[in-house]
Amino acid sequence: MEPVNFRYAEHYKKDAAEFDYFEERCGATEHDERRLREYIISLIPNSVDTILDVGCGSAWIAKNMLPKHKKVISLDISVTNPKKALSIYPFSNHSGLTADSFFLPFRSNSFSCIVASEIIEHVVSPADFVKELIRVLKPSGKLIISTPYKEKIQYVLCIHCNRTTPLH
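Residue positions are counted from 1 within each chain, in the order its sequence is given. Selection of residues for local features in this predicted model requires a pLDDT of at least 70, selection of side-chain atom pairs for listing and counting requires 80 or more, and totals for whole chains, interfaces and linings are taken over all residues. Side-chain measures here rest on the full set of heavy atoms in the structure, leaving out hydrogens and waters.

## Digging into the sheet that holds strand 3 (residues 94–98)
So, point 1. DSSP-based pairing: two strands are paired if at least 2 bridges between them are found. Put simply, DSSP H or I for four residues or longer makes a helix, DSSP E for two residues or longer makes a strand, and each gets a number counted from the N terminus. Read from one edge of the open sheet, 5 strands run 3-2-1-4-5, paired in parallel fashion. Only two strands of the sheet have a single partner each, and these edge strands are strand 3 and strand 5 (137–146). In this sheet, neighbouring strand axes are inclined to one another by 20 degrees on average, regardless of whether the strands run parallel or antiparallel.
So, point 2. As paired elements, strand 1 (residues 50–54) and strand 2 (residues 71–76) share 5 bridges and run parallel to each other. Considered in strand 2, the bridge of Thr 50 is made with Lys 71.
So, point 3. On top of the sheet, helix 4 (residues 80–88) reaches strand 2 and strand 3; it is set at about 165 degrees to strand 3, its chief contact.
So, point 4. By definition in these notes, contact holds between two residues if any of their heavy atoms fall within 4.5 Å. Only the contacting stretch of a helix is used when fitting its axis, a line to C-alpha atoms as for every element, and angles between N-to-C directions run 0 to 180 degrees. Docked against the sheet, helix 5 (residues 126–136) engages strand 1, strand 4 (111–117) and strand 5, running at close to 145 degrees with respect to strand 5.

Here you go:
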């Protein structure tokens, strides 16, 4: 159970400001992330027209899908990541949006594909999160959710003091 006073929106807005999701990775981290991303990209059907990237981070969905003429909406609770995504990938079929994934500003049945990669482990209520994603997914749409396995984090943003804190 999350602490009653936990303000997830404030926390993840600061997280996006503190950590550069667009910085270059190297070594094992880059290799693992590349393999995961390749796998997720392989799951996106060619027939999809619009992809909602929930918790867009470094906008790797946009990077990979915009050249394939897919419309991509890079969504994040922070202003930082969608804004940077648009500046790096300024395609006419790319939109950036700051929104809370528990209250998506879209009509039901809007998207043929939704990707929520490495975000579900951060949400306060995974069931409500998935329910909202399903609400905006078309009946025949594809929902892709991933979560880390054996992830090794060096630093985290503490939910108690809201400061960068070494893991150990």
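Anyway, onward from the coordinates.
## Looking at the packing of aromatic side chains
The relation between two aromatic rings is expressed through the spacing of the ring centres and the mutual angle of the planes.
So, point 1. Working definition: rings of Phe, Tyr and Trp (its six-membered ring) pair if their centres are within 6.5 Å, and the pair is stacked with planes under 30 degrees apart, edge-to-face with planes over 60 apart, and tilted otherwise. Using the criterion set out here, one finds 2 aromatic pairs in the structure.
So, point 2. With centroids separated by 4.8 Å and ring planes inclined at 90 degrees, the aromatic side chains of Phe 106 and Phe 111 adopt a geometry described as edge-to-face.
So, point 3. Think of it in three bands: with a 1.4 Å probe and only protein chains considered, a residue is buried below 20% of the maximum accessible area for its type, exposed above 50%, and partly exposed in between. Looking at Phe 111, the relative accessible area reads 3%, which means it is buried.

## What to know about the environment of Ile 145
So, point 1. Take Ile 145: it is sitting in strand 5.
So, point 2. It is 6.1 Å that separates the C-alpha atoms of Ile 145 and Val 115, two residues lying 30 residues apart in sequence.
So, point 3. The residues contacting Ile 145, other than those within four sequence positions of it, are Ala 116, Ile 120, Val 130 and Leu 133.

## Observations regarding the environment of Tyr 12
So, point 1. Tracing the chain through its elements places Tyr 12 in helix 1 (residues 8–18).
So, point 2. With 66 residues separating them in the primary sequence, Tyr 12 and Ser 78 have C-alpha atoms 6.7 Å apart.

## Digging into the pattern of salt bridges
So, point 1. The salt bridge definition used is simple: a Lys or Arg side-chain nitrogen within 4 Å of an Asp or Glu carboxyl oxygen. In the structure shown here, the tally under the stated rule is 3 salt bridges.
So, point 2. When the shortest N-O distance is used, the salt bridge between Arg 34 and Glu 38 registers 3.2 Å. Linking Arg 34 with Glu 38, this pair stays in helix 2 (residues 27–43), spanning 4 residues, or about one helical turn.
So, point 3. For Arg 135, the salt bridge goes to Glu 132, with nearest N and O atoms at 2.9 Å. Placement of the pair is Arg 135 and Glu 132 together in helix 5, with a separation of 3 residues, close to one helical turn.
So, point 4. On the accessibility criterion, Arg 135 (27% relative accessible area) is partly exposed.

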